[in-house]
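Chain residues, written in single-letter form:
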Amino acid sequence: MKFDLVVKNGTIITAADTFQADIGVQGEKITAVAQTIAPDGAKLIEAKGKYVIPGAIDGHTHMEFPFMSTTSADDFHTGTFAAACGGVTTIMDFALQGKGESLMQTARNWHAKADPKVVTDYGLHMIVRDLNDHILAELGEMVQYGIPSFKVFTTYRKEGLLLDDGAIFRVMEEVRKHNGIVGLHCENNDLIETLMAGFLKEKKTSPEYFRKSKPAEVEGEAVQRAIMLARCAGAPMYVVHMSTQYGRNRVWEAQQEGLPVYAETCPHYLVFADEVYQRKDAANFVMSPPIKGAADRAALWAGLANGDISTVASDHCCFTTEQKKMGEDDFTKIPNGVAGTEAILPILFSEGVRKNRISLNLWVRITSYNPAKLFGLYPRKGTLSVGSDADIVVFDPDKKVPMTAKNLHSRIDHSIYEEYTATGWPVATIVRGQVVQENGELKVDKGWGKYIARRPVTESETLSLLVGAAT
Ligand code: URP
Ligand code: ZN
Ligand code: ZN
């Protein structure tokens, strides 16, 4: 066989196996995984001493996202380049339905922004924020179109994103009929608004009070309610960016009952605790939900190790220092969000694998296999098998990288990881057979990435993730 690209002498890690092998790529696909493959004129990537893993799938990004009177700073080019530098080969970005807008129009708007710029592949989740009978009928069409996953918000009323419980229930019922899944941002809006108003009345305007307006109960209650709605609708659900022990416990209990309830957490919740809101740069840590206490952080690690939290995604939604200053005198005006797509694999490796919290195989399961399964990308993505897309990352387990703004590739001018040095870094990222970055250097033109239409996912397929998930 004549290959276009051969990755040689690496240690292959998948969600299930660890072994020494070479990988042969023809065009965009993996066509051989064997003990020895002769390069025979093919482009050679030497991976001795490195891990060779399926590209990470970042299931939660907001590139050039219009939000809180501004737009997130990374566009689809800078954002996907940062993603690629972190070993991500596919992002799943959130398309935001405009008021009164059809979902198909929203999808077109997102393609117009993404297609000319992306350097990784991308899929879309659809945020439903304005529900009526036409939109309800469109949900099935979206699934057929390749968008089987939706997001609804239980908060951000003032931003016009909140859906009431009845609307969430209707979305769940409809999406279930089409083998899609509903992701939920779980925070109790009334409690947040009440606490925020109280603090502002007392002139408590610093970011510390953003955190205090969102105690762990805010998430715990909303996760509980979401599970009850999903149970009533007989629908699968996915808690996005989960930050608390309460949330984890409610998800675990639901799973014990055999319910198709899944959860994602994010790198920042696994590294920091809420003392960050005492820092001078606290505004940079303003995201929703905010970072909770050390016990919550420990519970999230336990959930990953146990398999009840299925994925880690970035919730990449970043703002420059200038943008964060919009909330200088009022914490409710700080645009919510942080950078993180470049951090997923290194943080989970440094803090997870190196500290024996998770195994190498679980690292791959959480970052690639599980999101591929949950979001209808498997087996095209999420594994290193013959016939899969050649989305491959060469990961140096010993490379130390201080995660400063200077070393990271997002457009923003600060990094929440400024004082953190990761041990273990992706040194090459290959998307559909093409090297996209090598040692942080971009190797493809804007627009190399492709939109990936996804397939619907059956309940038995996703439920299988919860059986014997942890290794
Ligand atoms: O703070 C966050 N997470 N910003 C992005 C919007 C969202 O809720 O995911
Ligand atoms: Zn959210
Ligand atoms: Zn988000």
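Residues numbered from 1 in each chain as written. Chains lettered and ligands numbered in written order. Predicted model: local features only at pLDDT ≥ 70, side-chain atom pairs only at ≥ 80, totals over all residues. Heavy atoms only, no water.

### Focus: the overall build of the chain
Here comes step 1: Each helix and strand in the chain was counted, giving 14 helices and 19 strands.
Here comes step 2: Counting over 471 residues, the chain shows a buried share of 64%.
Here comes step 3: In the chain, of all internal contacts separated by at least 6 residues, the share reaching a separation of at least 24 is 76%.
Here comes step 4: Here the chain carries 51 positive and 58 negative side-chain charges, and the mean point of each set is 2 Å from the other. (Helix = DSSP H or I, 4+ residues; strand = E, 2+ residues; numbered from the N terminus. Buried < 20%, exposed > 50% of the residue type's maximum accessible area, 1.4 Å probe, protein only. Contact = heavy atoms within 4.5 Å. Lys, Arg positive; Asp, Glu negative; His and termini not counted. Charge placed at Lys NZ, Arg CZ, Asp CG, Glu CD.)

### Looking at the coordination of the zinc ion (ligand 3)
Here comes step 1: His-60 (NE2), His-62 (NE2) and Asp-315 (OD) make up the full set of protein donors to the zinc ion (ligand 3), lying at 2.0 to 2.1 Å.
Here comes step 2: Angles of 88 to 138° at the metal separate the 4 donor atoms of the zinc ion (ligand 3), which places the site in the irregular class.
Here comes step 3: Along the chain, the residues donating to the zinc ion (ligand 3) are arranged with the sequence spacing H-x1-H-x252-D.
Here comes step 4: Distance-wise, the zinc ion (ligand 2) is placed 3.8 Å from the zinc ion (ligand 3). Residue His-62 is located in the loop between strand S6 (56-61) and strand S7 (66-67), and its partner Asp-315 is located in the loop between strand S15 (311-312) and helix H11 (321-324); the two are separated by 253 residues in the primary sequence. With respect to burial, His-62 and Asp-315 carry one shared label: buried. (Donors = N, O, S within 2.8 Å, 3.2 Å for Na, K, Ca; no water. Tetrahedral: all angles 85-135°; square planar, octahedral: opposite > 155°, others 65-115°.)

### Concerning the site of ligand 1
Here comes step 1: Close contacts around ligand 1 come from 14 residues, with Lys-151, His-185, Ser-288, Asp-315 and Asn-336 the closest.
Here comes step 2: Protein burial of ligand 1: of its 270 Å² of free accessible surface, 100% is covered by the chains.
Here comes step 3: Considering only residue class, the shell around ligand 1 consists of 5 nonpolar, 7 polar and 2 charged. (Near = heavy atom within 4 Å. Areas by Shrake-Rupley, 256 points an atom, 1.4 Å probe, with all protein chains shown as cover. Nonpolar A, V, L, I, M, F, W, Y, C, P; charged D, E, K, R; others polar.)

### Description of the packing of aromatic side chains
The description of two aromatic rings rests on the distance between their centres and on the angle between their planes.
Here comes step 1: Tallied over the entire structure, the rule returns 15 aromatic pairs.
Here comes step 2: Ring plane angle 80° and centroid distance 5.1 Å describe the contact between Phe-272 and Phe-285, whose orientation is recorded as edge-to-face. Here Phe-272 is found in the loop between helix H9 (267-271) and helix H10 (294-306), whereas its partner Phe-285 is found in the loop between H9 and H10, with 13 residues between them in sequence. This pair shows no difference in class: Phe-272 is buried, exactly as Phe-285 is.
Here comes step 3: The aromatic ring of Phe-94 is capped on one face by Lys-151, whose charged end is 5.1 Å from the ring centroid. (Phe/Tyr/Trp six-rings, centres within 6.5 Å; stacked < 30°, edge-to-face > 60°. Lys NZ or Arg CZ within 6 Å of the ring centre and 35° of its normal.)

### Quick word on the packing of helix H2 (residues 103-114) against helix H3 (residues 133-145)
Here comes step 1: Two numbers describe how H2 lies on H3: the axes approach to 9 Å, and their chain directions differ by 45°. Relative to H3, the element H2 lies oblique. Touching Leu-103, Met-104, Ala-107 and His-111 of H2 are Ile-135, Glu-138, Leu-139, Met-142 and Tyr-145, all from H3. (Axes fitted to C-alpha atoms, helices over the stretch in contact; angles between N-to-C directions. Parallel < 35°, antiparallel > 145°, perpendicular 65-115°, else oblique.)

### Quick notes on the side chain of Thr-367
Here comes step 1: Turning to its location among the elements, Thr-367 is positioned in helix H13 (residues 360-374).
Here comes step 2: In this structure the side chain of Thr-367 is engaged in a polar contact, spanning 2.7 Å, whose partner is the backbone oxygen of Trp-363.
Here comes step 3: Not counting chain neighbours up to four residues away, the residues in contact with Thr-367 comprise Ala-56, Ile-57, Ile-344, Leu-345 and Leu-348. (Polar contact = N/O pair within 3.5 Å; in protein donor to acceptor, adjacent residues only side chain to side chain.)

### A few points about the sheet that holds S6
Here comes step 1: Strand order across the open sheet formed by 8 strands is S6-S9-S10-S11-S12-S13-S14-S15, with parallel pairing between neighbours. Here the strands that pair on one side only, and so sit at the sheet edges, are S6 and S15.
Here comes step 2: The pairing of strand S14 (residues 261-265) with S15 spans 2 bridges and is parallel. Residue pairing for S15: Glu-264 is matched across the bridge by Thr-311.
Here comes step 3: With respect to the sheet, H13 is in contact with S6, strand S12 (181-185), strand S13 (237-239), S14 and S15, its orientation differing from that of S6 by roughly 65°. (Pairing = 2+ DSSP bridges.)

### So, the nonpolar core
Across soluble globular proteins, nonpolar side chains show a tendency to be buried alongside one another.
Here comes step 1: In terms of nonpolar packing, the biggest core is built from 102 residues, with Met-172 and Trp-363 touching the most fellow members.
Here comes step 2: With 7 residues, the top contributor of residues to this core is helix H7 (residues 216-233).
Here comes step 3: Not counting residues up to four positions away in its chain, the partners in contact with Trp-363 are Ile-53, Leu-345, Leu-348, Phe-349, Val-353, Ile-358 and Phe-395. (Core = buried A, V, L, I, M, F, W, Y, C linked by side-chain atoms within 4.5 Å.)

### Some words on the coordination of the zinc ion (ligand 2)
Here comes step 1: Around the zinc ion (ligand 2), the protein contributes the donor atoms Lys-151 (NZ), His-185 (ND1) and His-241 (NE2), which lie 2.1 to 2.3 Å from the metal centre.
Here comes step 2: Mapped onto the sequence, the residues coordinating the zinc ion (ligand 2) show the spacing K-x33-H-x55-H.
Here comes step 3: A relative accessible area of 1% means that Lys-151 is categorised as buried.
Here comes step 4: For His-185, a relative accessible area of 0% puts it in the buried group.

### Description of the environment of Ala-38
Here comes step 1: Counting through the fold element by element, Ala-38 comes out in the loop between strand S3 (29-34) and strand S4 (43-46).
Here comes step 2: On a C-alpha basis, the gap between Ala-38 and Gly-24 in space is 9.0 Å, while along the polypeptide they are 14 residues apart.

### What about unusual backbone geometry?
Here comes step 1: Each neighbour pair has its own omega, and for Ser-288 with Pro-289 the value is -10°, a cis peptide bond.
Here comes step 2: Looking at the secondary structure, you find Pro-289 in the loop between H9 and H10.
Here comes step 3: In this structure, Asn-356 takes a positive phi of about 60° despite not being glycine.
Here comes step 4: Within the secondary structure layout, Asn-356 lies in the loop between helix H12 (344-353) and H13.
Here comes step 5: For Asn-356, a relative accessible area of 69% translates into the label exposed.

### A closer look at the packing of helix H4 (residues 165-177) against H7
Here comes step 1: With their axes 9 Å apart at the nearest point, H4 and H7 run at an angle of 45° to one another. Regarding the angle of H4 to H7, the classification is oblique. The chirality of how H4 crosses H7 is right-handed. On H7, the residues touching Asp-165, Ile-168, Phe-169, Met-172, Glu-173 and Arg-176 of H4 are Arg-225, Ala-226, Leu-229, Ala-230, Cys-232 and Ala-233.
Here comes step 2: Residues that form the contact of H4 with H7 fall into these classes: 8 nonpolar, no polar and 4 charged. (Left-handed = near helix turned anticlockwise from the far one by under 90°.)

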